[in-house]
Structures are given as C-alpha cells and as structure tokens.
Amino acid sequence: MKSKASAPGKIILFGEHFVVYGVKAILCAIDKRITVTSEFIPEERISIKSNIGKLELPINTPLAKIESPLKPFFYLAQKMIKKHNHKSGIKVSVESEIPSGVGLGSSSASCVAGAASISKLFEEVGNEKILELSIEAEKTIFENTSGADCTVCTFGGLMQYDRKNGFSKIDLESNFHFIIANSKIEHSTDSIVSNVQEFKKNNEIKFSELCKKESELVNDVLRFLKNNDLKELGEKMQENQQFLETIGVSNEKLRDMIKLAEKFSFGAKITGAGGGGCIIALVEESNLKSNLYEMKEKNLECFSAKIDFKGLNTF
Ligand code: MEV
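Basis of the calculations
- Residues numbered from 1 in each chain as written.
- Predicted model: local features only at pLDDT ≥ 70, side-chain atom pairs only at ≥ 80, totals over all residues.
- Heavy atoms only, no water.
- Helix = DSSP H or I, 4+ residues; strand = E, 2+ residues; numbered from the N terminus.
- Rg over C-alpha atoms; globule rule 2.2 N^0.38 Å.
- Buried < 20%, exposed > 50% of the residue type's maximum accessible area, 1.4 Å probe, protein only.
- Contact = heavy atoms within 4.5 Å.
- Areas by Shrake-Rupley, 256 points an atom, 1.4 Å probe, with all protein chains shown as cover.
- Lys, Arg positive; Asp, Glu negative; His and termini not counted.
- Charge placed at Lys NZ, Arg CZ, Asp CG, Glu CD.
- Phe/Tyr/Trp six-rings, centres within 6.5 Å; stacked < 30°, edge-to-face > 60°.
- Lys NZ or Arg CZ within 6 Å of the ring centre and 35° of its normal.
- Axes fitted to C-alpha atoms, helices over the stretch in contact; angles between N-to-C directions.
- Parallel < 35°, antiparallel > 145°, perpendicular 65-115°, else oblique.
- Left-handed = near helix turned anticlockwise from the far one by under 90°.
- Nonpolar A, V, L, I, M, F, W, Y, C, P; charged D, E, K, R; others polar.
- Arc of directions from axis to C-beta.
- Polar contact = N/O pair within 3.5 Å; in protein donor to acceptor, adjacent residues only side chain to side chain.
- Near = heavy atom within 4 Å.
- Core = buried A, V, L, I, M, F, W, Y, C linked by side-chain atoms within 4.5 Å.
- Pairing = 2+ DSSP bridges.
- Expected span 1.5 Å × (residues − 1).

Attention now moves to the overall build of the protein. For the protein, the count of helices and strands is nine helices and 12 strands. Over its C-alpha trace the protein gives a radius of gyration of 19 Å, about what one expects of a compact globule, namely 20 Å for 315 residues. Its C-alpha atoms give the protein principal-axis dimensions of roughly 60 × 45 × 35 Å. Counting over 315 residues, the protein shows a buried share of 56%. Counted over contacts in the protein with a minimum sequence separation of 6, partners at least 24 positions apart contribute 73%. Surface accessibility of the protein: about 14,100 Å² in total, with carbon and sulfur atoms responsible for 46%. Measuring between centres, the 42 positive side-chain charges of the protein sit 3 Å from its 42 negative side-chain charges.

Moving on: the packing of aromatic side chains. Across all of its chains, the model carries six aromatic pairs by this definition. Put simply, the rings of Phe18, Tyr21, Phe199 and Phe207 touch in pairs and so form one group of aromatic residues. Against the face of Phe224 rests Arg223, its NZ or CZ located 5.7 Å from the ring centre.

A separate point is the packing of helix H2 (residues 106–119) against helix H3 (residues 127–138). Helix packing for two helices is described by the angle between their axes and how far apart those axes are. One way to put it is that H2 packs onto H3 with a least axis distance of 8 Å and a crossing angle of 125 degrees. Comparing their axes, H3 and H2 come out oblique. Judged by the sense of rotation from one axis to the other, the crossing of H2 with H3 is right-handed. Residues Ser107, Ser108, Cys111, Val112, Ala115, Ala116 and Ser119 of H2 form the contact with H3, whose own contacting residues are Ile130, Leu133, Ser134, Ala137 and Glu138. Partitioning the contact of H2 with H3 into residue classes produces seven nonpolar, four polar and one charged.

This next bit is on helix H8 (residues 252–262). Listed in full, the buried residues belonging to H8 are Leu254, Met257, Ile258, Leu260 and Ala261. Axial view of H8: buried residues confined to an arc of 160 degrees, hence all on one face. Residues Glu252 and Lys259 are exposed on H8 and point more than 90 degrees away from its buried face. The secondary structure elements touched by the buried residues of H8 are strand E8 (177–182), helix H7 (230–246), strand E9 (267–271), strand E10 (278–283) and helix H9 (288–297). Put simply, Asn251 is the residue that caps the front of H8, since its side-chain oxygen is 3.3 Å from the backbone nitrogen of Lys253.

Turning our attention to the site of the ligand. Within the structure, the ligand sits among 14 residues, and Lys10, His17, Val19, Ser146 and Asp149 are positioned closest to it. Of all elements in the fold, only strand E1 (2–14) and helix H5 (189–202) reach the threshold of two or more residues within the shell around the ligand. Within the shell around the ligand, the residues separate by chemical class into six nonpolar, five polar and three charged.

Turning next to the nonpolar core. Counting residues in each nonpolar core, the largest one holds 99 residues, and the members touching the most others are Ile26, Leu225 and Met295. For this core, the element with the most residues is helix H6 (residues 204–226), which contributes nine residues. If we skip the residues at most four places from it in the chain, Leu225 touches Ile26, Leu158, Ile170, Leu172, Phe176 and Leu233. If you look at the next biggest cluster of nonpolar residues, it comprises 10 residues, including Ala25, Ala29, Ala148 and Met159.

Here we come to the pairing of strand E2 (residues 25–41). Along E2, 15 of the 17 residues are buried, which leaves the element largely enclosed by surrounding structure. Direction of pairing for E1 relative to E2: antiparallel, over a ladder of 11 bridges. By the bridge assignment for E2, Lys4 is matched with Thr37. Alignment of E2 against strand E6 (residues 158–162), held across four bridges, turns out to be antiparallel. In the strand pairing of E6, Ala25 is matched with Tyr161.

For H7, which comprises 17 residues, the first-to-last C-alpha distance of 25 Å matches the rise-based estimate of 24 Å (1.5 Å per residue) to within 8%. When H7 is considered as a whole, its buried residues turn out to be Leu230, Leu233, Gly234, Lys236, Met237, Asn240, Gln241, Phe243 and Leu244. Along the axis of H7, the buried positions cluster into a sector of 165 degrees, meaning they face one direction only. Each element contacted by the buried residues of H7 is listed here: E1, H6, H8, E9 and E10.

The next subject is the environment of Leu254. Position of Leu254 relative to the elements: it lies in helix H8. Judged by relative accessible area, which is 0%, Leu254 ranks as buried. For the pair Leu254 and Asn228, spaced 26 residues apart in sequence, the C-alpha separation works out to 27 Å. With near-sequence residues (within four places) excluded, Leu254 lies in contact with Ser183, Val249, Ile270, Gly275, Gly276, Gly277 and Ile279.

Coordinates in, geometry out; function isn't part of it.
Here it is, written out as structure tokens:
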C-alpha cells in the first residue's frame, strides 16, 4: 500500500521575522507543491529519497546522530513506527516543484506532506493533528520556528497568524498574482533568525519600535485586503521591505532585484527569512508575461505564482 500527500509552498506577504516576536504576519500558500509518497518495506530501515539527497538508516538510529535536511521525515517515520509498534521499515519518496532553501516553504510543505503521508500508513488523522506533527518535525531542523509556515501549508489560502492566537483565514474576492524571483543565494532560516535575535539584543528599543510599526502596517494591510486595493498593498510591501533592511536580512543582490521589480509591479519585497532566498512582486495579471520577460532578460530565475486555496491534499 502506498500513501500519498501533497502540500503547497508558501510566501510571507508581511511580517516575517517580526512574527517570531508576537507580531501578526500575513501569509499565503502558492500553487507550487511538494508530494510525498510512503510505503512499508520489509527491511528494518527508514529510507528517504528526494531531489536534495538520500537518507537511509536503521529504524532505531538516535535523532541526535542525524545531520541531514531530511531529518524531519526520519523523525516522522520513526515516531509512527514506535507509536504503532510496527515491525518493519518505511520508504519515503519526495517530489518537489518548490526550489529548496530559498524561503518558499519547501521545508514546511515537506513536513506537512510527510506527516500526512506517513501517518496515513497507520491511521486516519485530521488536519489539526497533521499540523501539530509537522511543526514537531520541522523543529528537528529549525528549533525556533513560529509554526506559521506549516500552518499555511496545511490549510492553504491567505491567512493571518500570530503566535498567541494562531491563525485565521482571510477571505479574498479574487486571487493575487505574483512574480517570484530567486536570488539563488541559499540561506539557513535558523541562522538568519538567530542573527535577528542578536540585532534585537543589541537594539532593544529600536526593535520594539519596529515591531509596533510592523503591527500597524499589518493592520492597515488587513483593511486594504478587504477592498482588494493592490496599489495600497504594494506601497505597504515597500514599507515592510524597509523594516527588513533595518534588521539586516537584506543584501545587495536582493535590493537590485527589488529595484528592478518595483519598476513594473505594485510593490516588491523579500519573502521569508531573507539573507538570500526570494523576492516577491505583486503584479497585474494582464502584465504577467511581459513582466516575467523583463526579469528573465536580466538573467534572473523567476516564475509566476498565485494563491493555492486547497492546502494539504491526501490521495
Ligand atoms: C521564515 O519563512 C519566516 C520567519 O519569520 C521564521 C518563522 O516565522 O518561523 C523568518
């Protein structure tokens, strides 16, 4: 028996980093997915294969001994095997449409699709429980995660999220269209989050002012979203980018990409942890093709994306 699940990647529209300190963030799932297939195997091993590599170890390998970005899958498979006192191993295959390590939620989507696919080998589990499992799994490689990314990859759509109140969906009249451009500079979310923690430690007053401003910005955005006001939303993206510049998560390459995208979009900014990774630009659907052409002419790796409203899918 094979158990298959897929989950969408995500972009953070507003509030990355500040969300770790309690500010509300706005995220959306995008129409690019990770699909995970799991099956039982007779060997007493857990075997994981994905486009970023392979990991195959005996079931009882201590987690602390594993240094691999595929560790969350191992954690999930080991947990389920132990919970159900299962006597053989599991093989996990991962297929991805999401570039990894560039802030588009590849790790969260993997954890969500992995949690659903592996647990469905043993039992039917609801989305709330899948989310809980996926956050636990993501914590094996990213201890300080706010949980926001896994949440949107599970439920899809556009949502607001804060650590205290969790998430709530935002209803939208229509879809949004984005151009996502990849700086091709890989980043480690964990280490950038630690750098921001350091910035906060050295600039407590400035950081708390920024959190306040980011909170006000997100509240304005929630109003503009209701009115589908793309121009105002674009302006808020630019403003949010300035806050991200201040906390030191941008760099020259990202700034150049944003400058280029600003010429034709409503607004552009880093999405996710920064330090590399991707930028997003909010664009008019009718201009999508020509805007993409303009970016590609400058040798940038980019693609268009819209909001995915389905979230986790099991089949
Ligand atoms: C990473 O996609 C988003 C951060 O805000 C970290 C987090 O929320 O866990 C940088």
